[in-house]
Amino acid sequence: MMTIGVDHGYAAMKTAHCAFPTGVVEYEHEPYTQKGALEYGGKYYVVGSGRQPLQKEKTATEDYYLLTLAAIAKEIDFRKADRTAEVLLAAGLPLTSFGRDKKRFREYLLRDGKPVLFRYEGREYAMTITDVSLFPQGYAAVLTQSELLDEPSIIVADIGGWTVDLMRLDNRIPNAATCRSLELGMIRCLDEIREKVRQMFGISMTDPQIEAVLRGSAGSINERVRAVIHAQANQYVQELLSAITESGLDARAMPAIFLGGGAALLKRHVAATEGLCRPLILDDVCLNAKGYERLVERMSGSAAHGR
């Protein structure tokens, strides 16, 4: 059996080695491209093209199941593994809604545990999800960085597409009373940047353009526009730090770990912030997925040791 970790983000899907946007477009007939093309249940889709509209309840439609199939296919191909595979799926939920949503999300991903037949990018898969293990996101990612956990208390801020999930770890254990989920994710940041640029210059920028500027690879984008984008990103970081403080977490008193897709985009802005005790930026967007897989390995090892 193969363990595959999948991080179901609002803006992007991530496995241990792959990441792609959450867009899903259904086609009546075979689509024009094989890239991202998924055939399942007699229907055709293209996944990973752009970002889908915000879907707070991920089990409300089939979209996140389709995205899960694509994510597993990508990871299987990366590993050069057999496309007829039994998969233990490791995934996550925010700690704030973990208990409430765990049963429903597990059933949504597991279905009936029978083989699932589909085609992805022209290749056929016969895959069986034999079990689904769910873990708290953010916390799972930090567990991959054992050297960061020696502090008695640390703040974890997982900057996702729609939310920023906060928690404090005391002696490596999440303090449940400190967990918050703020609607301050990168989608909001990008929307505010886009609107500011439109007001000042009368142009409509795409998310990939803005993200390229934030990463430092601006291409041919005007220098004045770039300056506005960075200024707006700095403002967003200040708002985020204020929200963290208002949530009862003092980033001046203990290290603050920033992770997730937003941390990767805002690395230079968070690192330059004055007043933080020690901002630590984990810019690997796949850390949650890697953390889920590591937690499954630990559980398997503990079970074997117990026998």
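Everything discussed here concerns the structure shown above.
For clarity, every value in this text was computed on a predicted model and none was experimentally measured.

The rules we used
- Residues numbered from 1 in each chain as written.
- Predicted model: local features only at pLDDT ≥ 70, side-chain atom pairs only at ≥ 80, totals over all residues.
- Heavy atoms only, no water.
- Pairing = 2+ DSSP bridges.
- Helix = DSSP H or I, 4+ residues; strand = E, 2+ residues; numbered from the N terminus.
- 1 Å grid on protein atoms, 1.4 Å probe; cavity = no way out; pocket = protein on both sides within 12 Å on 5 of 7 lines; lining within 4 Å.
- Points joined across faces, edges and corners; volume = space filled by probe spheres on them.
- Nonpolar A, V, L, I, M, F, W, Y, C, P; charged D, E, K, R; others polar.
- Buried < 20%, exposed > 50% of the residue type's maximum accessible area, 1.4 Å probe, protein only.
- Axes fitted to C-alpha atoms, helices over the stretch in contact; angles between N-to-C directions.
- Salt bridge = Lys/Arg side-chain N within 4 Å of Asp/Glu carboxyl O.
- Parallel < 35°, antiparallel > 145°, perpendicular 65-115°, else oblique.
- Left-handed = near helix turned anticlockwise from the far one by under 90°.
- Contact = heavy atoms within 4.5 Å.

Asker: Could you give an account of the pairing of strand β10 (residues 123-136), naming the residues involved and the relevant values?
Answerer: Of the strand pairs in this sheet, strand β8 (residues 84-93) and β10 are connected by ten bridges, and their pairing is parallel. In the strand pairing of β10, Glu 86 is matched with Thr 128. Here strand β9 (residues 116-120) runs beside β10; their pairing, made up of five bridges, is antiparallel. Bridge assignment links Phe 118 to a residue of β10, and that residue is Tyr 125. Linkage of β9 to β10, two consecutive antiparallel strands, is achieved through a turn of two residues, within which Glu 121 is found at a positive phi near 50°.

Asker: Just give me the short version of the layout of surface pockets, but keep the residues and values in it.
Answerer: Roughly 190 Å³ of internal volume is contained in the second largest pocket. For the second largest pocket, the lining is made up of 13 residues, of which Lys 35, Gly 36, Val 47, Gly 48 and Ser 49 are closest to its centre. Residue contributions to the lining of the second largest pocket peak at three residues, all from strand β4 (residues 19-21). For the lining of the second largest pocket, the residue count by class is seven nonpolar, three polar and three charged.

Asker: Give a detailed account of unusual backbone geometry, specifying residues and quantitative values.
Answerer: One non-glycine residue, Lys 80, lies in positive phi territory at about 55°. Note that Lys 80 resides in the loop between α1 (63-79) and β8. Of note, Glu 121 is a non-glycine position whose phi angle comes to about 50°, a positive value. Relative to the elements of secondary structure, Glu 121 occurs in the loop between β9 and β10. Under the relative-accessibility criterion, Glu 121 is labelled partly exposed at 22%.

Asker: I'd like to hear about the sheet that holds strand β11 (residues 153-159), residue by residue, with values.
Answerer: In a beta sheet, neighbouring strands pair by backbone hydrogen bonds and run either parallel or antiparallel. The mixed open sheet is built from five strands, whose spatial order is β13-β12-β11-β14-β15. Pairing within the sheet leaves two strands with one partner each, and these edge strands are β13 (173-182) and β15 (279-281). Each strand axis lies, on average, 20° off the axis of its neighbour in the sheet, ignoring direction. Relative to β13, strand β12 (residues 164-170) runs antiparallel, the two being bridged by six bridges.

Asker: I'd love a proper account of the pattern of salt bridges, names of residues and values included.
Answerer: A side chain of one charge can pair with a side chain of the opposite charge if their charged atoms are brought near each other. Applying the stated criterion across every chain yields a total of 22 salt bridges. Two residues, Glu 62 and Arg 111, come together in a salt bridge whose shortest N-O distance is 2.9 Å. Remark: Arg 111 occurs in the loop between α2 (98-110) and β9 and Glu 62 occurs in the loop between β7 (43-47) and α1; sequence separation between them is 49 residues. The exposure class assigned to Glu 62 is partly exposed, which follows from its relative accessible area of 37%. Across the salt bridge formed by Asp 283 and Lys 267, the nearest N and O atoms sit 2.9 Å from each other. Taken together, the residues Asp 283 in the loop between β15 and α9 (287-306) and Lys 267 in helix α8 (residues 267-271) connect sequence positions 16 residues apart. Looking at Lys 267, the relative accessible area reads 38%, which means it is partly exposed.

Asker: Before we move on, can you summarise the packing of helix α4 (residues 186-201) against helix α6 (residues 223-246) with the specific residues and values?
Answerer: The geometry of α4 relative to α6 is characterised by a closest axis approach of 9 Å and an angle of 140° between their N-to-C directions. One way to sum up the angle between α4 and α6 is to call them oblique. As for the relative orientation of α4 and α6, their crossing is right-handed in sense. Seen from α4, the contacting residues are Met 186, Arg 188, Cys 189, Glu 192, Ile 193, Lys 196, Val 197, Met 200 and Phe 201; seen from α6, they are Arg 224, Val 225, Val 228, Ile 229, Gln 232, Ala 233, Tyr 236 and Glu 239. Of the residues assigned to the contact of α4 with α6, the class counts are eleven nonpolar, one polar and five charged.

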